[in-house]
Amino acid sequence: MRLEERGVVRGIITQNVDLLHEDAGARTVIDLHGRYDRVICLSCSRVISREHLAERLTALNPGFIESVAGNVEDIEIAPDADAVIEQTAHFHPAPCEFCGGVLKPEIVYFGENVPRERVERAYALVDSADALLVAGSSLAVMSGLRFVKRAAKDGKPVVVVNRGVTRGDSLATLLVHAGVTQALTELADRL
Ligand SMILES: [Zn+2]
């Protein structure tokens with residue numbers, strides 16, 4: 001995260017949901033597709049941590065983990081769906097504690113839209129920047145490609161660092177066909 005420390009990178013828009021950038025120390029990160037460590041209510045949109053949900057599930061299902069512990073591998077690879085249902089039939093799911101709604105991971109799945117507010121924050125970040133660097137994404141989905149289009153439309157330099165072709169190549173000012181780690185490490189070394 002040397003690039004951010006030196007003010008070269010103003011923020012990161014990522015399609016990862018595994019908090020790699022946060023764990024690496026990045027300060028300004030927009031998790032476009034959500035975060036695996038959070039859970040959202042489909043009814044009231046309140047967000048809680050997965051850790052908190054896990055505590056509630058444990059309280060609702062005393063002894064459940066122990067009862068299936070020996071069979072966890074069987075559950076995951078079972079070709080027979082009945083076996084899975086049988087073993088989890090007594091599991092009590094936790095509804096939203098605020099409204100009773102259904103909870104799901106706060107992750108944008110294929111076919112879902114990125115929340116409008118998050119898209120606007122990402123656009124604002126792009127608008128505040130002098131240039132856009134695409135690092136290690138094929139831009140296969142529109143959720144990322146639209147920011148490249150925005151920067152290009154505004155006449156800003158767009159640099160794409162990726163080993164293969166991307167859907168943003170025709171909009172790029174510079175294409176670097178290299179690994180992201182190597183390219184960005186060399187860039188940081190020269191600052
Ligand atoms: Zn709710």
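Keep in mind that what you see is a predicted model, and the values were worked out from it rather than measured. (Residues numbered from 1 in each chain as written. Predicted model: local features only at pLDDT ≥ 70, side-chain atom pairs only at ≥ 80, totals over all residues. Heavy atoms only, no water.)

Re the coordination of the zinc ion
So, step 1. Looking at the zinc ion, one finds its protein donor set to be Cys 41 (SG), Cys 44 (SG), Cys 96 (SG) and Cys 99 (SG), positioned 2.3 to 2.4 Å from the metal centre.
So, step 2. For the zinc ion, the four donor atoms are set out with angles of 100 to 116° between them, so the coordination reads as tetrahedral.
So, step 3. Considered as a linear motif, the donors of the zinc ion on their single chain read C-x2-C-x51-C-x2-C. Separated by 55 residues along the polypeptide, Cys 44 in the loop between β3 (34–41) and β4 (47–49) and Cys 99 in the loop between α6 (81–88) and β5 (103–107) bring together distant segments of the chain.
So, step 4. Assessed through its relative accessible area of 28%, Cys 44 is described here as partly exposed. (Donors = N, O, S within 2.8 Å, 3.2 Å for Na, K, Ca; no water. Tetrahedral: all angles 85-135°; square planar, octahedral: opposite > 155°, others 65-115°. Helix = DSSP H or I, 4+ residues; strand = E, 2+ residues; numbered from the N terminus. Buried < 20%, exposed > 50% of the residue type's maximum accessible area, 1.4 Å probe, protein only.)

Let's talk about the nonpolar core
Soluble, globular proteins show a tendency: their nonpolar side chains are buried together.
So, step 1. By size, the foremost hydrophobic cluster in this structure holds 18 residues, and its most contacted members are Leu 132, Val 134, Phe 147, Val 148 and Val 158.
So, step 2. Taken together, the elements giving at least two residues each to this core come down to α7 (116–128), β6 (132–135), α8 (142–153) and β7 (158–161).
So, step 3. No other element matches the five residues that α7 contributes to this core.
So, step 4. Dropping the residues within four chain positions of it, Val 158 is found in contact with Leu 132, Val 134, Val 148, Ala 151, Ala 152, Leu 171, Ala 172, Thr 173 and Leu 174.
So, step 5. Judged by nonpolar contacts, the second largest core, of seven residues, contains Cys 41, Ile 48, Ala 94 and Cys 96. (Core = buried A, V, L, I, M, F, W, Y, C linked by side-chain atoms within 4.5 Å. Contact = heavy atoms within 4.5 Å.)

Observations concerning the packing of aromatic side chains
So, step 1. Within this structure, the stated rule accounts for two aromatic pairs.
So, step 2. Summarising the aromatic geometry, the rings of Tyr 123 and Phe 147 are spaced 5.0 Å apart at their centres and angled 65° between planes, so their arrangement reads as edge-to-face. One end of the pair, Tyr 123, is in helix α7; the other, Phe 147, is in helix α8, with 24 residues separating them in the sequence. Side by side, Tyr 123 and Phe 147 carry an identical accessibility label, which is buried.
So, step 3. Across from the ring centre of Phe 98, 4.4 Å away, lies the NZ or CZ of Arg 46, which sits over that ring.
So, step 4. Just above the ring of Tyr 123 sits the side chain of Arg 150; from NZ or CZ to the centre is 4.2 Å. (Phe/Tyr/Trp six-rings, centres within 6.5 Å; stacked < 30°, edge-to-face > 60°. Lys NZ or Arg CZ within 6 Å of the ring centre and 35° of its normal.)

Thoughts on the sheet that holds β7
Where strands meet in a sheet, backbone hydrogen bonds hold them as pairs that are either parallel or antiparallel.
So, step 1. Ordered in space as β6-β7-β8, the three strands form an open sheet in which the pairing is parallel. A single partner strand is all that each edge strand has here, and the edge strands are β6 and β8 (174–176). Neighbour-to-neighbour, the strand axes of the sheet open up by a mean angle of 15°, direction not taken into account.
So, step 2. Across four bridges, the pairing between β6 and β7 is parallel. Paired with Val 134 across the strands is Val 160, a residue of β7. (Pairing = 2+ DSSP bridges. Axes fitted to C-alpha atoms, helices over the stretch in contact; angles between N-to-C directions.)

Focus: the UniProt feature "binding site: Zn(2+)" (unreviewed entry) in the protein
So, step 1. In the numbering adopted here, UniProt assigns the feature "binding site: Zn(2+)" (unreviewed entry) to Cys 41, Cys 44, Cys 96 and Cys 99. These residues run over 59 residues, yet every pair of their C-alpha atoms falls within 8.6 Å of each other.
So, step 2. Those residues in contact with Cys 41 that sit more than four places away from it in its chain are Arg 46, Cys 96, Cys 99, Gly 101, Val 102 and Leu 103.
So, step 3. Assignment of secondary structure puts Cys 96 in the loop between α6 and β5. (UniProt positions renumbered as here; feature names shortened; annotations may be inferred.)

Some words on the side chain of Ser 143
So, step 1. Structurally, Ser 143 can be placed in helix α8.
So, step 2. A polar side-chain atom of Ser 143 sits 2.7 Å from a polar atom in the side chain of His 33. (Polar contact = N/O pair within 3.5 Å; in protein donor to acceptor, adjacent residues only side chain to side chain.)

Notes on the sheet that holds β3
So, step 1. The three strands lie next to each other as β4-β3-β5, forming an open sheet whose pairing is antiparallel. Two strands in the sheet have a free side with no partner beyond their single neighbour: β4 and β5. Across this sheet, the average inter-strand angle for adjacent strands is 45°, counted without regard to direction.
So, step 2. With three bridges connecting them, β3 and β4 associate as antiparallel partners. Considered in β4, the bridge of Arg 38 is made with Ser 49.

Focus on the pairing of β3
Along any regular strand the residues' side chains alternate between the sheet's two faces.
So, step 1. Inspection of the sheet shows β3 paired to β5 by four bridges, in the antiparallel sense. When the sheet's bridge partners are listed, Ile 40 is paired in β5 with Lys 104.
So, step 2. If you look at the hairpin formed by β3 and β4, you'll find five residues sitting between the two strands, and Ser 45 has a positive phi there, around 65°.

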